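# Remarks on the overall topology
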Amino acid sequence: MINSIRNQFPILKKRIRNRALVYFDNAATTQKPRVMLEAMDKFYRSQNAPVHRGVYSLAESATAEYESVRDQVKDFIHAAHREEIIFTSGATASINTVVSGLAETFLHAGDHILLSDMEHHAMIVPWQAAARRMKLKLNFIPLTKDGRIDLGVFRRMLAKHKPKFVGITHVSNVLGTENPVREMISLAHKAGALVLVDAAQSIAHAAVDVQKIGCDFLAFSGHKMYGPTGIGVLYGKKKLLERLPPRIFGGHMIEQVTREKTTYAPLPEKFEGGTPPVAEVIGLGAAISFIQGIGLKNIQKQENELTAYALRALKSVSGLTLLGPSSAGARAPIFSFTIKGIHPHDIATLLDREGIAVRAGHHCAQILHESFSLDASVRASLCLYNTTQEIDRLVSALTAIVRKFK
Ligand SMILES: Cc1ncc(COP(=O)(O)O)c(C=O)c1O
């Protein structure tokens, strides 16, 4: 099974420094399966045309393909309406659309916003900019020592600050922690807040059902789920999206333009100003089909096995401290760690010499690192095509690095 999955990813055959590539930077971006590459190639070779505008056959068929991916995404995250699926350039753009729209229409000076210490900069920075503009108050949920959110603390912060908005990552891109979003959303709604779930790290690992979890908005990127860069999704409840102002103004998102004013197109076009990334949308559709072909249950099972194996194996590296939950439940296969006395960048550089690609730095989560009194960590992030043999290679390379630095 694993070999047949790996065979679908041409890049995994690559050798780096004369060693088989071990790609452990999947939280940053995943590699691409052949079906996705071929779908984009086929589009450009034989179907390329602008969508929505042409009356000729080629444009009509491109439009049909593009719009069929909207239905596919709707089913994939179990949204109630196809207009609730907005194509964006990525999770960052999706979050910015929600933040600027809410700040402009729903929020007032003095309103509180509740985020967590494990948020990606894509959630924190737009809110900081909006807070400065609008005089909003930002509050951050602190984390437990093992990198979780304590629901008791969350409840108390909801009661104390009465936030109008809660922004929460489904899975931390540093800790691998899976947050109990369903319970958190229900608590936040009872307290009167709207909730945006950042699903950038969960969408390729576990089933995300927007109606079941009850979120108001959800954001994710195509390139972290075996799809291309430059495409992402914003989901929002129809009633909320209808009230939210557009973020990108121009062609495609209008109903009528006069010298005096413009009326906007209905959903979803209102949020899709400009020529859309048609090939990327088609690539996203192929990536979703690829995930569905394997099945999210099978993916989760394989990744849970990898997680349990990695947690055990990393314990054998002397001086290694793992950030985040040390047990396999409610956790994605993302392992950030430090090794006493060795800088994360040195570790990543030395691992590269062994053909192992990991990330070193703050992983766009400086507040999280600060809360653990760190500047940086090493992150090995796995996904469905990784193997226990690759984890063994990481552990033996780390053991050799530790020995060298002694
Ligand atoms: C949790 C999380 N949110 C948001 C983002 C932003 O995604 P993108 O850069 O694709 O917009 C990332 C990317 O690393 C992420 O890990």
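Residues numbered from 1 in each chain as written. Predicted model: local features only at pLDDT ≥ 70, side-chain atom pairs only at ≥ 80, totals over all residues. Heavy atoms only, no water.

## Here's the deal with the overall build of the chain
Each helix and strand in the chain was counted, giving 14 helices and 17 strands. A compact globule built from 406 residues should have a C-alpha radius of gyration of about 22 Å, and the chain, at 22 Å, falls within 12% of that. Dimensions of the chain along its principal axes, counting C-alpha atoms only, are 70 × 55 × 35 Å. Residue burial in the chain is summarised as follows: out of 406 residues, 56% are buried. Looking at the chain alone, contacts between residues at least 24 apart form 71% of all its contacts between residues at least 6 apart. Surface accessibility of the chain: about 17500 Å² in total, with carbon and sulfur atoms responsible for 52%. (Helix = DSSP H or I, 4+ residues; strand = E, 2+ residues; numbered from the N terminus. Rg over C-alpha atoms; globule rule 2.2 N^0.38 Å. Buried < 20%, exposed > 50% of the residue type's maximum accessible area, 1.4 Å probe, protein only. Contact = heavy atoms within 4.5 Å. Areas by Shrake-Rupley, 256 points an atom, 1.4 Å probe, with all protein chains shown as cover.)

## Topic: the environment of glutamine 211
Within the secondary structure layout, glutamine 211 lies in helix H8 (residues 210-213). By relative accessible area, which is 42% here, glutamine 211 ends up partly exposed. The spatial distance from the C-alpha of glutamine 211 to the C-alpha of phenylalanine 335 is 30 Å, given a sequence separation of 124 residues. The residues touching glutamine 211, leaving out its near neighbours within four places in the chain, are His78, Ala79 and Ala80.

## With respect to the side chain of glutamate 390
Residue placement: glutamate 390 occurs in helix H14 (residues 388-405). A polar contact of 2.9 Å, which involves the side chain of glutamate 390, links it to the side chain of asparagine 386. Dropping the residues within four chain positions of it, glutamate 390 is found in contact with Arg6, Leu21, Val22, Tyr23, Phe24 and Tyr385. (Polar contact = N/O pair within 3.5 Å; in protein donor to acceptor, adjacent residues only side chain to side chain.)

## Thoughts on the site of the ligand
In the vicinity of the ligand lie 13 residues, with Thr92, Asp198, Ser221, His223 and Lys224 positioned nearest. Taken together, the residues of the shell around the ligand sort by class into 3 nonpolar, 8 polar and 2 charged. (Near = heavy atom within 4 Å. Nonpolar A, V, L, I, M, F, W, Y, C, P; charged D, E, K, R; others polar.)

## Let's talk about the state of the cysteines
Scanning all chains against the criterion turns up 0 disulfides. Sulfur of cysteine 364: no disulfide; nearest cysteine sulfur belongs to cysteine 383 and is 19 Å away. For cysteine 364, a relative accessible area of 32% gives the class partly exposed. (Disulfide = S-S within 2.5 Å.)

## What about empty space enclosed by the protein?
Taken as a whole and assessed by the stated rule, the structure comprises 2 cavities of 30 Å³ or more. Estimated volume of the largest cavity: approximately 60 Å³. If you trace the largest cavity, you find it lined by Asn26, Ala27, Thr30, Ala200, Gln201, His205, Lys224, Ile334, Ser381, Leu382 and Cys383. Here the lining of the largest cavity spans two domains, and each of domain 1 (2-29 + 296-405) and domain 2 (37-292) adds at least three residues to it. One number sums up the size of the second largest cavity: a volume of about 40 Å³. Along its surface, the second largest cavity is lined by Phe24, Ala310, Leu314, Phe335, Ala380, Leu382, Ile391 and Leu394. Elements with a minimum of two residues in the lining of the second largest cavity: helix H11 (296-314) and H14. (1 Å grid on protein atoms, 1.4 Å probe; cavity = no way out; pocket = protein on both sides within 12 Å on 5 of 7 lines; lining within 4 Å. Points joined across faces, edges and corners; volume = space filled by probe spheres on them. Domains from an automatic or database assignment.)

## Examining the domain arrangement of the chain
Per the domain assignment, the segments of the chain are domain 1 (2-29 + 296-405) and domain 2 (37-292). Taking only C-alpha atoms into account, the centre of domain 1 sits 28 Å from that of domain 2. Contacts between the two partners involve 35 residues from domain 1 and, on the opposite side, 34 residues from domain 2. Carbon and sulfur atoms supply 60% of the area that domain 1 and domain 2 bury against each other, a total of about 2700 Å² over both sides. It is Leu296, Ile367 and Leu368 that lose the most area in domain 1 upon contact with domain 2, and together they represent 22% of the buried surface on that side. Summed over the shared surface of domain 1 and domain 2, the number is 0 salt bridges. Inspection of the domain 1/domain 2 interface yields 15 residue pairs in polar contact (both at pLDDT 80 or more). Elements with a contribution of two residues or more to the side of domain 1 that touches domain 2: H11, strand S14 (334-339) and helix H13 (366-371). A per-element tally of the side of domain 1 that touches domain 2 places H13 first, with 5 residues. (Buried area = accessible area lost by both parts, 1.4 Å probe. Salt bridge = Lys/Arg side-chain N within 4 Å of Asp/Glu carboxyl O.)

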